[in-house]
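# Geometric and topological summary
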Amino acid sequence: MANAVIERAELVLFPVVAAALIDGEGRVLVQQRPPGKMMAGLWEFPGGKLEPGETPEAALIRELHEELGITVSAASIVPTAFASERLGERHLLLLLYLCRTWSGTPRALDAVAIDWVAPADLHALAMPPADLPLIGLLERLI
Ligand SMILES: Nc1nc2c([nH]c(=O)n2[C@@H]2O[C@H](COP(=O)(O)OP(=O)(O)OP(=O)(O)O)[C@@H](O)[C@H]2O)c(=O)[nH]1
C-alpha cells in the first residue's frame, strides 16, 4: 500500500499532441522516427511535446510546421481521440487530432521518411504501443 502511494506521487503525466492528417483518398500520414531517438524506426503520427505555456492546439500547429513544413489553422484540427500508456518513468497521454486541410506539401523535415497509408494498413506498421488502440478507431472514422 505504501509503495502504491509513493508510485502515485511520483507519476508524471506526459502530454503529447499528434495529428492524423487525412488526404483526399482517405489515407493517413505517418512518419518514421529517426535513429538515436527513443523508439527509433517506429512509425508514428506527426506531433510532439508541449512547450511551457503552450496550448495543445498551438503545440500541434507548431509541430506540424516544424516536422512537415505545412501550415494548419486552428479550425482544421479536430480533437478526436486519446491514448494512455506508461512510457518509462512517465505516463503518456497522447492527444490525437484529425486534420483534413492544410497548406503546403508535407515533407520529412524531422523524420527519416513519411508515407500515406490506408487506415487498415496501419496494422502492418511497427508503431509505438500507445498508437495501437487508435488504429481501429481511425478505420471506423475515416
Ligand atoms: N509524435 C508522436 N509521438 C508519439 C506517438 N506515439 C508515441 O508513443 N509517441 C511518443 O511521444 C513522445 C513524443 O515526444 P517528441 O516526439 O516531442 O520527442 P522526441 O522523443 O522525438 O524527442 P525530442 O525531444 O528530440 O523531440 C515520444 O516519446 C514518442 O515516442 C505518436 O504517434 N506521435
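As recorded in an unreviewed UniProt entry, the protein goes by 8-oxo-dGTP diphosphatase and comes from Sphingomonas alpina. If you open the UniProt record of the protein and go to Sequence similarities (unreviewed entry), you find "Belongs to the Nudix hydrolase family." Within the UniProt record for the protein, the comment given under Cofactor (unreviewed entry) is "Mg(2+)".

We now examine the sheet that holds strand E6 (residues 90-99). The strands that make up a sheet pair up through hydrogen bonds in the backbone, lying either parallel or antiparallel. Within the open sheet, the four strands sit side by side as E4-E1-E6-E5. Their pairing is mixed. Two strands in the sheet have a free side with no partner beyond their single neighbour: strand E4 (47-49) and strand E5 (77-87). This sheet shows a mean twist of 20° between the axes of neighbouring strands, independent of strand direction. With ten bridges joining them, strand E1 (residues 12-21) and E6 adopt parallel strand pairing. Across the sheet, the residue bridging to Val 12 is Arg 90, located in E6. Across the face of the sheet, helix H3 (residues 132-141) comes into contact with E1, E5 and E6 while running at roughly 160° to E5.

The subject of this paragraph is the side chain of His 91. Structurally, His 91 can be placed in strand E6. The exposure class assigned to His 91 is buried, which follows from its relative accessible area of 17%. A polar contact is formed between the side chain of His 91 and the backbone nitrogen of Glu 85, at a distance of 3.4 Å. When near neighbours in sequence (up to four residues on either side) are disregarded, His 91 contacts Leu 11, Val 12, Leu 13, Phe 14, Ser 84, Glu 85 and Arg 86.

This part covers the site of the ligand. Taken together, 17 residues lie around the ligand, and Arg 33, Lys 37, Phe 45, Lys 49 and Asp 131 are the ones closest in. Expressed as a share of its isolated accessible area of 620 Å², the protein-covered part of the ligand is 82%. Given that more than half its atoms are within 2 Å of the pocket grid, the ligand belongs to the largest pocket. Contributing elements (two or more residues each) for the shell around the ligand: E1, E4 and E6. Each residue belonging to the shell around the ligand can be placed in one class, and the counts come to ten nonpolar, two polar and five charged.

Thresholds applied
- Residues numbered from 1 in each chain as written.
- Predicted model: local features only at pLDDT ≥ 70, side-chain atom pairs only at ≥ 80, totals over all residues.
- Heavy atoms only, no water.
- UniProt positions renumbered as here; feature names shortened; annotations may be inferred.
- Pairing = 2+ DSSP bridges.
- Helix = DSSP H or I, 4+ residues; strand = E, 2+ residues; numbered from the N terminus.
- Axes fitted to C-alpha atoms, helices over the stretch in contact; angles between N-to-C directions.
- Contact = heavy atoms within 4.5 Å.
- Buried < 20%, exposed > 50% of the residue type's maximum accessible area, 1.4 Å probe, protein only.
- Polar contact = N/O pair within 3.5 Å; in protein donor to acceptor, adjacent residues only side chain to side chain.
- Near = heavy atom within 4 Å.
- Areas by Shrake-Rupley, 256 points an atom, 1.4 Å probe, with all protein chains shown as cover.
- 1 Å grid on protein atoms, 1.4 Å probe; cavity = no way out; pocket = protein on both sides within 12 Å on 5 of 7 lines; lining within 4 Å.
- Sits in = over half its atoms within 2 Å of the grid points.
- Nonpolar A, V, L, I, M, F, W, Y, C, P; charged D, E, K, R; others polar.

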